[in-house]
Amino acid sequence: MLRRIRLAGRQRRAGERRQDAVIALCGTLAGEVRSGRQPGEALLCAARDSAVHDPVGHRRAAHDSGGLGEAQAAVLAAARFGGDVPGALAAAAGQPGAEGLRGLAACWRVAVDQGAGLAAGLDRLEGALRAERDQRSDLRAQLAGARATAVMLACLPAFGLLLGVALGSDPLHVLLHTGAGLGCLLAGGLLEGLGVWWVARIVRGAEAAS
């Protein structure tokens, strides 16, 4: 269970870093387009500027899968050699946290195929992605109480055992070497697991509904 929690936390942080990277890419790309660069050249410059301005974060993200990885390389290759940039962006959007690239792909199609303003669309997309990120942060703060309840439920049995030892009894001997103790241990472990699972389910449900 602890390993699952740790892996889930690592994946969540990687998704948040991807989301931040997409927002930063939209802002930098909009600036490059306004400066007069063509969309493909602007995309290459925006990606290069992001790596230069934050080299430590870029290496860390690549190390723990927080960046776009091979999908980003495919997008840049499509931009450099005249490939299907919207398709590559849509494929990269399949990674958790990179969903905003679908909006970037849509802006790209409209701008390139119909001659619409790419910078204006990128500005609106960046604003929407920032608002979504802020909403998730607010929700996470509101769910902090539920998470604290789950942690408290997980720690209560250990606290009870320590309290029994402090009072001079031997709770481990009773739990592990008597029939009644084993029954209590089994029932308590089952109820403990159900309680933690139920609270975690409530938290996940609230996050998914948002």
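Residues numbered from 1 in each chain as written. Predicted model: local features only at pLDDT ≥ 70, side-chain atom pairs only at ≥ 80, totals over all residues. Heavy atoms only, no water.

A. Representation of the state of the cysteines. Following the criterion strictly, the structure yields 0 disulfides and no others. Left unpaired, C26 is separated from the closest cysteine sulfur, that of C107, by 7.5 Å. (Disulfide = S-S within 2.5 Å.)

B. Seen up close, the pattern of salt bridges. For the coordinates displayed, the defined rule picks out 8 salt bridges. Taking the shortest distance from any N to any O, the salt bridge between D20 and R133 comes out at 2.8 Å. Here D20 is found in helix α1 (residues 2–34), whereas its partner R133 is found in helix α7 (residues 118–142), with 113 residues between them in sequence. Classification of D20 by relative accessible area gives partly exposed; the value is 35%. With a relative accessible area of 23%, R133 lands in the partly exposed category. A salt bridge links E32 to R37, with the nearest nitrogen and oxygen atoms 2.7 Å apart. (Salt bridge = Lys/Arg side-chain N within 4 Å of Asp/Glu carboxyl O. Helix = DSSP H or I, 4+ residues; strand = E, 2+ residues; numbered from the N terminus. Buried < 20%, exposed > 50% of the residue type's maximum accessible area, 1.4 Å probe, protein only.)

C. Spatial organisation of the packing of aromatic side chains. Scanning the entire structure with this criterion turns up 1 aromatic pair. Their ring planes at 50° and their centres at 6.0 Å tell us that W197 and W198 sit as a pair that is tilted. For W197, a relative accessible area of 45% puts it in the partly exposed group. (Phe/Tyr/Trp six-rings, centres within 6.5 Å; stacked < 30°, edge-to-face > 60°.)

D. Molecular detail of the packing of helix α8 (residues 144–166) against helix α10 (residues 179–209). Across the interface, α8 lies against α10 with an axial gap of 9 Å and an inter-helix angle of 170°. As far as their axial angle goes, α10 and α8 are roughly antiparallel. Contacts between α8 and α10 involve A146, R147, T149, A150, L153, A154 and P157 on the former and, on the latter, E192, G195, V196, V199, V203 and E207. Its residues placed into classes, the contact of α8 with α10 shows 8 nonpolar, 2 polar and 3 charged. (Axes fitted to C-alpha atoms, helices over the stretch in contact; angles between N-to-C directions. Parallel < 35°, antiparallel > 145°, perpendicular 65-115°, else oblique. Contact = heavy atoms within 4.5 Å. Nonpolar A, V, L, I, M, F, W, Y, C, P; charged D, E, K, R; others polar.)

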